[in-house]
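Chain residues, written in single-letter form:
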Amino acid sequence: MNPDILKERQNATFDVEKLTYILDGGLEKTKRRREIESMVFSDPDFKEEDPNFLSRSERYDQAVRKSAQMILKLREYGIADPEEIYCYKTMVNGNHHEAMGLHFVMFLPTLYSQCDPEQSKKWLPLAESFQAVGTYAQTEMGHGTHLRGLETTATYDPATQEFVLNSPTISSIKWWPGGLGKTSNHAIVLAQLYTQGNCNGLHAFIVPIRDMSTHVPLPGIVVGDIGPKFGFNEVDNGFLKLENVRIPRENMMMKFAKVEPDGTYVKPPSAKLTYGTMVFIRSLIVGESARALSKSCTIAIRYSSVRHQSEIRPGEPEPQILDYQTQQYKLFPLLATAYAFSFVGQYMKETYHRISGDINDGDFSELPELHALSAGLKAFTTWATNSGIEVCRMSCGGHGYSRSSGLPDIYVEFTPTCTYEGENTVMMLQTARHLVKSYRQAKAGQQLSGIVSYLNEAKQHRVQPQPVAARPAVVDINDLASLVDVYKQRAAILVELAAKSIQQEIQNRKCQEDAWNNSAIDLVRASDAHCHYVVVKLFTDKLGEIGDIAIHSVLSTLALLYALHGIATNSGDFLQAGLLNVPQVHQVSVRIKELLSQLRPNAVALVDAFDHHDKKLNSVLGRYDGNVYEHMFEWARRSPLNSTEVHESFHKYLKPLRSKL
């Protein structure tokens with residue numbers, strides 16, 4: 001064990017193991033997670049070549065092999081609980097993605113949630129036995145987040161009781177679905193439904209794309225891989241062109257919407273039910289943001305505790321770079337964010353399952369709020385995490401640029417979340433639509449419930465420009481309850497400003513659509529403030545569940561840092577709204593420095609509590625034992641370029657060059 005990192009752990013003021021239990025959701029869950037880790041990491045079938053030294057085709061081949069092995073192992077071990085399956089797979093995949101990932105996270109969940117009983121009898125056994133391997137084909141070359149703009153058509157033919165699917169334009173070719181290129185033989189295809197001469201909007205269809213025996217593409221199917229991306233080298237993201245492809249009427253997902261044999265269309269109880277799988281994925285992404293950021297913080301903070309560089313006082317030994325205030329200011333707010341997102345991820349998972357249960361019982365009342373909350377938090381957490389991973393990489397200096405650090409892989413595998421399952425700006429605008437609607441309802445006297453209930457107070461607000469020196473109500477910057485209230489007021493004021501901007505545009509003779517577009521910057525700010533309030537509130541609420549005094553103390557410090565850092569970063573909002581004045585903002589900056597100092601002794605212990613196994617981190621910089629340099633040298637020696645002392649290019653190009661000069 002590196003003596004620096006050993007000393008860091010000895011300085012901790014709390015029981016790391018108990019905090020791990022809180023993050024996992026209890027002692028039993030931690031024990032079970034570690035059992036599953038042990039199964040994976042001791043299994044010789046999952047020994048693999050370092051993917052950094054493989055070609056893309058080799059990486060895909062290795063990923064498919066691992067996916068097939070996982071399926072067999074999960075059966076062998078009798079692991080059936082969805083959370084345990086997810087845990088097992090994350091251990092196997094590390095910082096990379098599974099080749100068959102969309103089969104599990106989109107194809108199967110869509111079948112579970114949108115098949116009627118007859119369809120379930122047919123398709124679930126096929127999908128669960130992997131005779132039907134599927135993906136989710138929604139995004140097209142010309143349209144992604146704007147779902148109403150999708151061009152793929154499914155036209156009902158009552159004479160044969162079939163749907164005829166077509167990609168009518170080049171921009172309507174399905175583009176990006178994972179597993180579509182080479183792996184899947186079926187796809188859930190989202191297409192515009194035409195029947196009896198009418199377009200009834202977007203609906204989901206089960207479309208066979210490859211022969212289940214030979215895996216050869218079926219007639220009318222043009223399918224393949226879209227080529228290398230920024231990351232996701234293990235995944236065959238694909239294209240799909242449909243040319244008069246006929247499927248039976250029963251292949252339309254008919255739990256909610258239906259097409260009768262004669263072509264009569266039966267509407268679903270809520271149009272948003274078609275997008276249920278996306279809401280599920282967006283909820284998952286919030287938790288994924290926490291995991292990606294916690295891994296990055298683990299690597300950067302552990303490395304910062306063993307890396308010595310420069311001098312604070314001339315002539316003295318080089319200090320740990322974690323002792324520099326600038327390094328703490330880079331990393332500790334991100335550590336606080338990782339904890340905040342971990343607790344928000346827990347909340348989103350519980351909320352999704354609760355509201356999904358209500359939906360299955362026919363209660364759709366909370367679906368709009370779930371849709372808005374999952375969209376906004378997906379954007380809020382992925383933006384923060386995406387930039388945070390890069391800060392962690394840069395805080396590791398030059399070594400962070402090496403793939404041996406693990407940080408480049410975490411970044412390239414995570415960064416697409418800012419655009420898939422809804423481009424983030426559009427997600428924020430979807431949340432804003434719900435907020436503005438809720439604000440107007442509150443102004444009209446309707447009593448709101450749920451997370452937007454703070455807008456009930458909207459009618460009390462009078463948004464006026466505030467003099468910078470105006471004295472706001474007393475805010476105790478050391479009291480989290482007081483800070484939650486300030487965040488709430490900021491959100492309410494920015495929602496009101498956005499709503500009034502739309503109203504002003506309409507008064508200036510703009511149509512509703514132009515008024516919305518001309519207010520879009522205000523609307524995104526309002527959504528961002530709403531999500532920020534939700535995160536601060538949920539982090540603070542979580543503290544009320546923690547009885548251990550030492551853990552409560554250190555998490556309270558993290559929560560306070562998270563809240564105050566958010567105020568410092570967005571001080572203009574709080575000043576302009578008159579919620580804080582200039583002296584208070586200065587106090588916030590001073591207090592942040594004090595909190596950095598308070599957290600310094602617990603920094604390594606706090607990342608240890610995430611309990612990321614070395615094999616899952618796959619980082620020479622973030623090793624638990626802190627022995628960075630020995631393993632960095634060992635990793636470099638394994639480069640294929642080092643397989644020979646003299647590379648063939650010397651004989652082919654460099655040596656002949658001498659004689660020609």
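Note that this is a predicted model, so its numbers are computed, not measured.

### Details of the environment of V620
At step 1: Within the secondary structure layout, V620 lies in the loop between α20 (614–617) and α21 (628–637).
At step 2: On the accessibility criterion, V620 (9% relative accessible area) is buried.
At step 3: Distance in space between the C-alpha atoms of V620 and M632 is 5.9 Å, their sequence separation being 12 residues.
At step 4: Beyond its immediate chain neighbours, meaning those up to four positions away, V620 contacts S404, S405, V628, H631, M632 and W635.

### Here's the deal with the side chain of H203
At step 1: Note that H203 resides in strand β6 (residues 198–208).
At step 2: Take H203: its relative accessible area is 6%, and that puts it in the buried class.

### Side note on helix α6 (residues 101–114)
An α-helical turn contains 3.6 residues, so any two residues separated by three or four positions project in the same direction.
At step 1: In a regular helix each residue adds 1.5 Å, so 14 residues correspond to 20 Å; α6 covers 19 Å between its end C-alpha atoms and thus fits that length.
At step 2: The sharpest bend along α6 comes to roughly 25°, located at F107, with the proline P109 sitting one to four residues further on.
At step 3: Along α6, the residues that are buried comprise G101, H103, M106, F107, L108, P109, T110, L111 and Q114.

### Points about the sheet that holds strand β4 (residues 174–175)
At step 1: Read from one edge to the other, the open sheet built from three strands follows the order β4-β8-β7, with strand pairing classed as antiparallel. If you trace the sheet from one side to the other, it starts and ends with β4 and β7 (221–225), each paired once.
At step 2: Alignment of β7 against strand β8 (residues 238–242), held across five bridges, turns out to be antiparallel. Within the sheet, the bridge partner assigned to G224 lies in β8 and is F239.

### Some words on the packing of aromatic side chains
At step 1: All told, the structure shown has 15 aromatic pairs when counted by the stated rule.
At step 2: Their ring planes at 65° and their centres at 5.0 Å tell us that F163 and F205 sit as a pair that is edge-to-face. Of this pair, F163 sits in strand β3 (residues 162–166) while F205 sits in strand β6, and the two are 42 residues apart along the sequence. Both residues of the pair, F163 and F205, belong to the buried class.
At step 3: Between F341 and F380, the ring centres sit 6.3 Å apart and the planes meet at 70°, which makes this aromatic pair edge-to-face.

### A few points about the side chain of T183
At step 1: Position of T183 among the secondary structure elements: in the loop between β4 and β5 (186–195).
At step 2: Given a relative accessible area of 12%, T183 falls into the buried group.
At step 3: Here T183 is in contact with Y60, A99, M100, V133, H215 and D236, once residues within four sequence places are set aside.

### Observations regarding the environment of T569
At step 1: Relative to the assigned elements, T569 resides in helix α16 (residues 549–569).
At step 2: T569 gets classed as exposed once you look at its relative accessible area, which sits at 54%.
At step 3: In this structure the side chain of T569 is engaged in a polar contact, spanning 2.7 Å, whose partner is the backbone oxygen of H565.

### Let's talk about the pairing of β5
At step 1: The buried fraction of β5 is high, at nine of 10 residues.
At step 2: Where strand β1 (residues 134–137) lies against β5, four bridges are found, and the strand directions are parallel. Opposite Y136, over in β5, you have I188 as the bridge partner.
At step 3: For strand β2 (residues 153–157) and β5, the ladder comprises three bridges, and the chain directions are parallel. Of the residues in β5, the one forming a bridge with T155 is Y194.
At step 4: Examined bridge by bridge, β5 and β6 share nine bridges and lie antiparallel to one another.

### Observations regarding unusual backbone geometry
Negative phi values dominate among residues other than glycine, just as trans dominates among peptide bonds.
At step 1: Positive phi values are uncommon outside glycine, yet Q161 reaches one of about 50°.
At step 2: Even without being glycine, Q196 reaches a positive phi, approximately 50°.
At step 3: Mapping Q196 onto the fold places it in the loop between β5 and β6.

### Re helix α15 (residues 520–543)
At step 1: Taking 1.5 Å of rise per residue, the 24 residues of α15 would be expected to cover 34 Å, and the 35 Å separating its terminal C-alpha atoms lies within 8% of that figure.
At step 2: Counted residue by residue, α15 has 18 buried out of 24 residues, so it is predominantly covered.

### Some thoughts on the pattern of salt bridges
At step 1: Inspection of every chain in the model, using the stated rule, returns 43 salt bridges.
At step 2: Taking the shortest distance from any N to any O, the salt bridge between E35 and R32 comes out at 3.0 Å. Here the residue E35 and the residue R32 both occupy positions in helix α3 (residues 27–41), the gap between them amounting to three residues, near one helical turn.
At step 3: Residue E35 is classed as partly exposed on the basis of its relative accessible area of 43%.
At step 4: Taking the relative accessible area as the measure of exposure, R32 reaches 23% and is therefore partly exposed.
At step 5: The partner of E634 in a salt bridge is R638, and the shortest N-O contact between them spans 3.8 Å.
At step 6: Here the salt bridges do not stand alone but share partners, grouping E17, D24, R33, R34, E37 and D611 into one network.

### Considerations on the pairing of β3
At step 1: Across the five residues that make up β3, a large majority, four, are buried.
At step 2: Pairing geometry for β2 and β3, over five bridges, is antiparallel. Within β3, the residue paired with A154 across the bridge is L165.
At step 3: Here β2 hands over to β3 after four residues, with Q161 in that stretch at a positive phi of 50°.
At step 4: Pairing of β3 with strand β9 (residues 245–248) involves four bridges; the strand directions are antiparallel. Of the residues in β9, the one forming a bridge with F163 is I247.

### Observations regarding the nonpolar core
At step 1: Residues L19, L111, I301, Y339 and L555 are the most contacted members of the largest nonpolar core, which totals 147 residues.
At step 2: In this view, L555 contacts L19, Y339, F343, F539, L543 and I546; residues no more than four positions away in its chain are not counted.
At step 3: Formed by 24 residues, the second largest nonpolar core is a distinct cluster that contains I209, M252, M254 and V259.

### Some words on the packing of helix α13 (residues 480–507) against α15
At step 1: Running from amino to carboxyl end, α13 crosses α15 at an angle of 160°, the nearest separation of the two axes being 8 Å. The angle between α13 and α15 places the two elements in the roughly antiparallel class. Every pair of crossing elements has a handedness; the one defined by α13 and α15 is left-handed.

### Observations regarding the packing of helix α9 (residues 325–360) against helix α10 (residues 367–395)
At step 1: Where α9 contacts α10, the axes come no closer than 10 Å and their chain directions differ by 155°. If you check the angle between α9 and α10, you find them roughly antiparallel. Of the two elements, α9 crosses α10, and the hand of that crossing is left-handed.
At step 2: When its residues are assigned to classes, the contact of α9 with α10 shows 17 nonpolar, seven polar and one charged.

### Side note on a nonpolar patch on the surface
At step 1: A cluster of nonpolar side chains, M1, L6 and Y624, forms an exposed patch at the surface whose accessible area comes to about 280 Å².
At step 2: One can find Y624 in the loop between α20 and α21.

### Brief notes about the state of the cysteines
At step 1: With the rule as written, the count across this model stands at zero disulfides.
At step 2: C396 forms no disulfide, and the closest cysteine sulfur to it belongs to C392, at a distance of 7.2 Å.
At step 3: Its relative accessible area of 3% is what places C396 among the buried residues.

How each quantity is defined
- Residues numbered from 1 in each chain as written.
- Predicted model: local features only at pLDDT ≥ 70, side-chain atom pairs only at ≥ 80, totals over all residues.
- Heavy atoms only, no water.
- Helix = DSSP H or I, 4+ residues; strand = E, 2+ residues; numbered from the N terminus.
- Buried < 20%, exposed > 50% of the residue type's maximum accessible area, 1.4 Å probe, protein only.
- Contact = heavy atoms within 4.5 Å.
- Expected span 1.5 Å × (residues − 1).
- Bend = angle between axes of the 7 residues up to and from the residue.
- Pairing = 2+ DSSP bridges.
- Phe/Tyr/Trp six-rings, centres within 6.5 Å; stacked < 30°, edge-to-face > 60°.
- Polar contact = N/O pair within 3.5 Å; in protein donor to acceptor, adjacent residues only side chain to side chain.
- Salt bridge = Lys/Arg side-chain N within 4 Å of Asp/Glu carboxyl O.
- Core = buried A, V, L, I, M, F, W, Y, C linked by side-chain atoms within 4.5 Å.
- Axes fitted to C-alpha atoms, helices over the stretch in contact; angles between N-to-C directions.
- Parallel < 35°, antiparallel > 145°, perpendicular 65-115°, else oblique.
- Left-handed = near helix turned anticlockwise from the far one by under 90°.
- Nonpolar A, V, L, I, M, F, W, Y, C, P; charged D, E, K, R; others polar.
- Patch = residues over 30% accessible without salt bridge, like charges linked within 9 Å, V, L, I, M, F, W, Y side chains within 5 Å.
- Areas by Shrake-Rupley, 256 points an atom, 1.4 Å probe, with all protein chains shown as cover.
- Disulfide = S-S within 2.5 Å.

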